[in-house]
Number of protein chains: 2
Amino acid sequence: MDKAIFLDNAATTRTDPEVVGVMSEWLGDNFGSPATLYTFGSQAKQAIEQARQHLADLIGADQKDIYFTSGATESNNWAIKGVAEALEEKGKHIITNQAEHHSILMPCRHLEKRGWDVTYLPVDGDGLVNPEDVAGAIREDTVLVTMVHANHEIGTIQPIEEIGAITREKGVYLHVNAAQSVGHIPVDVAALSCDLLSLSGHKFYGPKGVGALYIKRGVRIVPLLLGGGQEKKRRAGTHNVPGIVGLGKAAELARKNLGPEMERLTALRDYMIGLIEKNMDDIRLNGHRTRRLPNNINVSIEGIEGESIMLSLSYPTAANARPVFVSTGSACVSGTLEPSHILLALGLPAELAHGSVRMTMSRHDTREDADYALNILFEVAERLRAMSPVYKRGSKKCASGSSGEGCDCEAAS
Amino acid sequence: MDKAIFLDNAATTRTDPEVVGVMSEWLGDNFGSPATLYTFGSQAKQAIEQARQHLADLIGADQKDIYFTSGATESNNWAIKGVAEALEEKGKHIITNQAEHHSILMPCRHLEKRGWDVTYLPVDGDGLVNPEDVAGAIREDTVLVTMVHANHEIGTIQPIEEIGAITREKGVYLHVNAAQSVGHIPVDVAALSCDLLSLSGHKFYGPKGVGALYIKRGVRIVPLLLGGGQEKKRRAGTHNVPGIVGLGKAAELARKNLGPEMERLTALRDYMIGLIEKNMDDIRLNGHRTRRLPNNINVSIEGIEGESIMLSLSYPTAANARPVFVSTGSACVSGTLEPSHILLALGLPAELAHGSVRMTMSRHDTREDADYALNILFEVAERLRAMSPVYKRGSKKCASGSSGEGCDCEAAS
């Protein structure tokens with residue numbers, strides 16, 4: 001197969017060769033556990049502490065406040081359940097929003113079944129939470145606000161700084177799921193005024209199976225994984241040394257490349273959005289036009305299913321030898337036929353939510369790759385629309401999308 | 001430094017080069033997530049399903065009952081908290097034993113704080129639980145018995161088959177922490193009559209950061225990590241594909257090598273125990289003499305601290321160029337000065353519990369390595385004893401240890 005164009009980097013990224021390189025050192029002869037006291041273990045301990053420092057540097061944290069986990073899902077579960085349990089005497093109210101990732105929503109729903117009260121704030125047509133809504137929702141018994149930094153599906157970046165100012169003033173913990181933003185845009189725990197922050201290695205060219213939870217010093221939280229004394233008795237389990245070292249290297253590389261790569265990807269993104277809007281009728285850009293991740297494009301294509309587009313793009317043809325990998329809805333739940341809860345939260349009618357395609361670019365993608373991929377997208381969409389019994393060109397159910405600029409209609413709500 | 005002799009394989013093992021080899025394939029170009037529907041993801045899905053089958057074959061399970069986790073600590077936490085929560089309407093009583101791993105004891109203590117009742121059964125001087133004690137402890141409201149298969153510190157193998165027959169008859173779930181036994185001795189979920197079983201990759205030449213929980217079909221358990229639909233909606237989070245593939249390869253290799261390697265290590269273990277007992281006075285073999293892991297030796301050496309022995313062995317000298325890595329107490333809690341709760345549970349006085357040395361061999365260790373390591377041990381112990389203000393040869397506080405055969409005293413209790 002010719003070189004594929006992988007535009008599903010919000011799901012997972014190619015592990016950087018330098019990351020693989022340092023991991024390999026710890027997959028072979030250096031297999032000691034940092035929990036042990038002899039020299040062999042001390043070397044592993046030094047390596048993970050260096051990784052902790054790299055990660056801390058990337059998010060502006062004190063390295064003492066970084067706790068390694070198996071990924072953002074664990075970090076999110078830990079943050080929500082751990083704070084809820086630690087503060088249950090104080091109150092049992094949590095605030096989040098309707099367009100969160102399932103690893104936020106599901107722990108919240110789980111707590112609801114066990115006596116907690118959760119407020120799911122609405123988002124606007126671009127996926128933004130209104131900080132005033134957060135302020136209005138905070139009650140005497142509110143113990144946690146959990147807000148995503150950048151939405152994994154539509155790329156919208158939340159006004160976390162403003163939300164953080166509110167939670168800090170009200171003395172309520174703020175947890176930020178930054179799985180999509182860390183390594184892609186500046187993330188600074190002090191600027192965000194957050195108390196807890198989740199991240200995942202494989203979302204920014206690091207390894208799968210490793211992540212971290214930032215816990216600001218003094219924050220009360222019950223451990224999720226209890227056992228040995230690792231991670232200052234807050235997260236038990238033998239350290240995944242190769243994974244942690246790889247995560248550290250990914251953080252180091254991300255910090256080095258962040259500025260130029262953001263600029264390059266933002267230009268690529270806007271170039272691609274421009275081409276899509278020029279070449280396709282009856283589409284909607286989902287998510288905010290400018291307050292969005294540099295590598296995220298999400299469009300609803302009227303009259304066709306995202307699933308059909310995704311599969312059609314993924315099979316090479318005689319004319320188009322390079323497969324193109326995109327996603328529809330969330331990669332975590334694809335395989336179901338339910339429309340994305342995030343697109344529904346934006347107010348999209350189910351038929352438009354079904355027709356969404358997400359393209360998330362990486363540091364490997366060039367303008368030539370983008371041209372190639374989009375040409376196939378245009379062909380495939382045209383072909384599928386021609387076969388569609390329902391599509392009628394120009395019906396404009398919701399053609400322009402993001403109200404960031406130049407919108408000519410509002411999402412149904 | 002000359003080639004070290006690593007005798008701390010109960011803490012962690014050297015990842016097999018074949019395991020590293022297959023992991024490398026999934027660390028590079030094949031970075032797709034199995035949750036995605038396009039071909040690139042399908043390949044990853046096939047790889048993890050093959051790994052699941054290898055793991056299922058190793059423990060006699062249906063592959064549908066294998067759930068990948070980040071390691072045994074997560075599996076243990078999930079099993080205990082997940083069953084407790086799923087069955088809390090039925091009852092809130094759990095049975096375990098005093099010599100369990102912290103990743104069992106700590107979740108139990110956590111549940112106690114939240115209204116559950118936990119019975120910690122005693123163990124005898126060899127660390128064995130009496131199945132009749134289990135039968136006697138089961139009540140109307142008992143929902144779970146959690147028993148380790150082989151103790152990580154003293155290597156004693158519990159009579160799980162007998163305990164499983166009891167729990168099955170009484171209709172109570174049995175969870176088995178098999179982190180130390182899987183890949184080292186036969187583990188068959190049907191023969192053990194267990195409902196849940198935890199295991200960890202890095203304990204049998206697989207990678208760190210990955211493990212599994214076997215959940216027998218029909219067992220009621222609440223997920224610990226909630227979020228995406230991975231692992232049939234029971235364990236969310238993007239799959240650690242390289243780790244899982246590595247775990248599968250480790251399982252495949254373990255199954256192939258199990259019989260001969262057990263035989264070889266048992267002979268090596270008994271040869272070493274024989275040498276120790278011949279060359280050292282006033283020692284106690286901790287754990288059962290025969291019902292023990294083929295690769296485990298644990299001895300208390302009267303009059304000296306295990307910590308001092310461990311550190312002395314780990315530094316090469318002019319005469320002994322090869323460092324020898326052993327452990328004292330549990331690797332997970334070493335760093336603390338508390339005596340091992342497991343040795344205390346055997347009835348050892350604190351001073352003997354402090355003087356324990358654990359040597360756990362691997363498939364790489366030969367009789368020559370053993371001779372080399374033990375000669376240094378004898379020298380070091382002699383030297384430390386000579387400096388000890390308290391040791392008096394022949395005081396025989398508890399000289400012979402395991403009552404498995406030829407014991408001339410009983411552990412204080």
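The rules we used
Residues numbered from 1 in each chain as written. Chains lettered and ligands numbered in written order. Predicted model: local features only at pLDDT ≥ 70, side-chain atom pairs only at ≥ 80, totals over all residues. Heavy atoms only, no water. Helix = DSSP H or I, 4+ residues; strand = E, 2+ residues; numbered from the N terminus. Rg over C-alpha atoms; globule rule 2.2 N^0.38 Å. Buried < 20%, exposed > 50% of the residue type's maximum accessible area, 1.4 Å probe, protein only. Contact = heavy atoms within 4.5 Å. Areas by Shrake-Rupley, 256 points an atom, 1.4 Å probe, with all protein chains shown as cover. Lys, Arg positive; Asp, Glu negative; His and termini not counted. Charge placed at Lys NZ, Arg CZ, Asp CG, Glu CD. Least-squares fit on C-alpha atoms with pLDDT ≥ 70 in both. Axes fitted to C-alpha atoms, helices over the stretch in contact; angles between N-to-C directions. Parallel < 35°, antiparallel > 145°, perpendicular 65-115°, else oblique. Left-handed = near helix turned anticlockwise from the far one by under 90°. Nonpolar A, V, L, I, M, F, W, Y, C, P; charged D, E, K, R; others polar. Buried area = accessible area lost by both parts, 1.4 Å probe. Salt bridge = Lys/Arg side-chain N within 4 Å of Asp/Glu carboxyl O. Polar contact = N/O pair within 3.5 Å; in protein donor to acceptor, adjacent residues only side chain to side chain. pLDDT = per-residue confidence, 0-100. Phe/Tyr/Trp six-rings, centres within 6.5 Å; stacked < 30°, edge-to-face > 60°. Lys NZ or Arg CZ within 6 Å of the ring centre and 35° of its normal. Domains from an automatic or database assignment.

Asker: Explain the overall build of chain A to me, please; I cannot follow it from the model alone.
Answerer: Along the backbone of chain A there are 13 helices and twelve strands. Taken over C-alpha atoms, the radius of gyration comes to 22 Å for chain A, in line with the 22 Å a tight globule of 413 residues would show. Oriented by its inertia axes, the alpha-carbon framework of chain A measures out at about 70 × 55 × 35 Å. Within chain A, the proportion of its 413 residues that are buried is 64%. Across chain A, the fraction of contacts at a sequence separation of at least 24, relative to all contacts at a separation of at least 6, is 73%. For chain A, the accessible surface area stands at approximately 14,500 Å², while carbon and sulfur atoms represent 50% of it. In chain A, which carries 43 positive and 51 negative side-chain charges, the distance between the mean positions of the two groups comes to 4 Å.

Asker: How do you make sense of the relation of the copies chain A and chain B when you look at a structure like this?
Answerer: Turning one copy of the chain about an axis and sliding it along that axis gives the other copy, so a rotation and a shift relate them. Superposition record for chain A on chain B: RMSD 0.0 Å, screw rotation 180 degrees, translation along axis 0.0 Å. Overall, the copies show the geometry of a two-fold rotation axis. Closest to the rotation axis within chain A is the C-alpha of Ser70(A), separated from it by 3.1 Å. The fraction of interface residues of chain A whose copies in chain B are also interface residues reaches 100%, indicating that both copies meet through the same surface.

Asker: Where do I start with the packing of helix α1 (residues 17-27) of chain B against helix α8 (residues 241-279) of chain B in this structure?
Answerer: Angle between the axes and distance between the axes are the two parameters that describe a pair of packed helices. Residue and element names in this part refer to chain B. In the contact formed by α1 and α8, the axes pass within 8 Å of each other and the chain directions differ by 155 degrees. By the criterion of interaxial angle, the relationship of α1 to α8 is roughly antiparallel. Considering only the axes of α1 and α8, their crossing is right-handed. Touching Glu-18, Val-19, Val-22, Met-23, Trp-26 and Leu-27 of α1 are Val-241, Pro-242, Gly-243, Val-245, Gly-246, Lys-249, Ala-250 and Leu-253, all from α8. Grouping the constituent residues of the contact of α1 with α8 by class yields ten nonpolar, two polar and two charged.

Asker: Would you explain the interface of chain A and chain B in this entry?
Answerer: How big an interface is tends to be expressed through the accessible area that disappears when the partners come together. Counting residues at the interface gives 65 residues for chain A and 65 residues for chain B. Summed over both sides, the interface between chain A and chain B buries roughly 5,300 Å², with carbon and sulfur atoms accounting for 63% of that surface. It is Phe31(A), Tyr38(A) and Leu226(A) that lose the most area in chain A upon contact with chain B, and together they represent 15% of the buried surface on that side. For the pair chain A and chain B, the number of links is six salt bridges. Across the pair Arg14(A) and Asp29(B) runs a salt bridge, and its minimum N-O distance is 2.7 Å. At the junction of chain A with chain B, the criterion picks out 18 residue pairs in polar contact (both at pLDDT 80 or more). When residues of the side of chain A that touches chain B are traced back to their parent elements, those giving at least two are α1 (17-27), α2 (39-59), α3 (72-86), α4 (102-113) and α10 (306-314) of chain A. A breakdown of the residues in the side of chain A that touches chain B according to their chemical character gives 27 nonpolar, 27 polar and eleven charged.

Asker: Where do I start with the packing of helix α9 (residues 306-314) of chain B against helix α12 (residues 367-387) of chain B in this structure?
Answerer: Residues and elements named next belong to chain B. It is the contact of α9 with α12, at a shortest axis distance of 10 Å, that shows an interaxial angle of 130 degrees. Regarding the angle of α9 to α12, the classification is oblique. The interaxial crossing formed by α9 with α12 has right-handed handedness. Two secondary-structure elements touch here, α9 through Ser-308, Ile-309, Ser-312 and Leu-313 and α12 through Ile-376, Leu-377, Val-380 and Leu-384. When its residues are assigned to classes, the contact of α9 with α12 shows six nonpolar, two polar and no charged.

Asker: Would you mind going over the confidence of the model for chain A with me for this structure?
Answerer: Close reading of the predicted structure is inappropriate where its pLDDT is low. All names here are of chain A. Scored by pLDDT, chain A comes out at a mean of 92, with 93% of its residues at no less than 70. Taken as a whole, residues 404-413 scores under 50 in pLDDT and shows 25 contacts with residues more than four places along the chain or in a different chain. Here the predicted complex scores 0.94 on pTM and 0.93 on ipTM.

Asker: Teacher, can you tell me more about the packing of aromatic side chains here?
Answerer: For any pair of aromatic rings, geometry is given as the distance between the ring centres together with the angle between the planes. Applying the stated rule across the entire model yields 16 aromatic pairs over all chains. With centroids separated by 6.3 Å and ring planes inclined at 85 degrees, the aromatic side chains of Phe6(A) and Tyr38(B) adopt a geometry described as edge-to-face. One end of the pair, Phe6(A), is in strand β1 (residues 5-6); the other, Tyr38(B), is in the loop between α1 and α2 (39-59), on a second chain. Judged by relative accessible area, which is 8%, Phe6(A) ranks as buried. An angle of 20 degrees between the planes, with centres 4.8 Å apart, marks the rings of Phe325(A) and Tyr38(B) as stacked. Here Phe325(A), found in strand β11 (residues 324-325), pairs with Tyr38(B), found in the loop between α1 and α2, and the two come from separate chains. An identical accessibility class is assigned to Phe325(A) and Tyr38(B); each is buried. One aromatic cluster in this structure is built from Phe6(A), Phe325(A), Phe31(B), Tyr38(B) and Phe40(B). The aromatic ring of Tyr271(A) is capped on one face by Arg367(A), whose charged end is 4.0 Å from the ring centroid. Sitting over the ring of Tyr391(A), Arg385(A) keeps its end group 4.3 Å from the ring centre.

Asker: What am I meant to see in the domain arrangement of chain A here?
Answerer: All names here are of chain A. Each domain of chain A was delimited in the assignment, giving domain 1 (5-10 + 258-412) and domain 2 (17-254). For domain 1 versus domain 2, the separation of C-alpha centres amounts to 29 Å. Taken together, the contacts link 31 residues of domain 1 with 31 residues of domain 2. Here domain 1 packs against domain 2, burying approximately 2,700 Å² in sum over the two surfaces, 55% of which is carbon and sulfur. Along the contact surface separating domain 1 from domain 2 lie zero salt bridges. The set of elements that each furnish at least two residues to the side of domain 1 that touches domain 2 consists of α9 (241-279), β10 (296-301) and α11 (341-345). Taken together, the residues of the side of domain 1 that touches domain 2 break down into eleven nonpolar, 15 polar and five charged.

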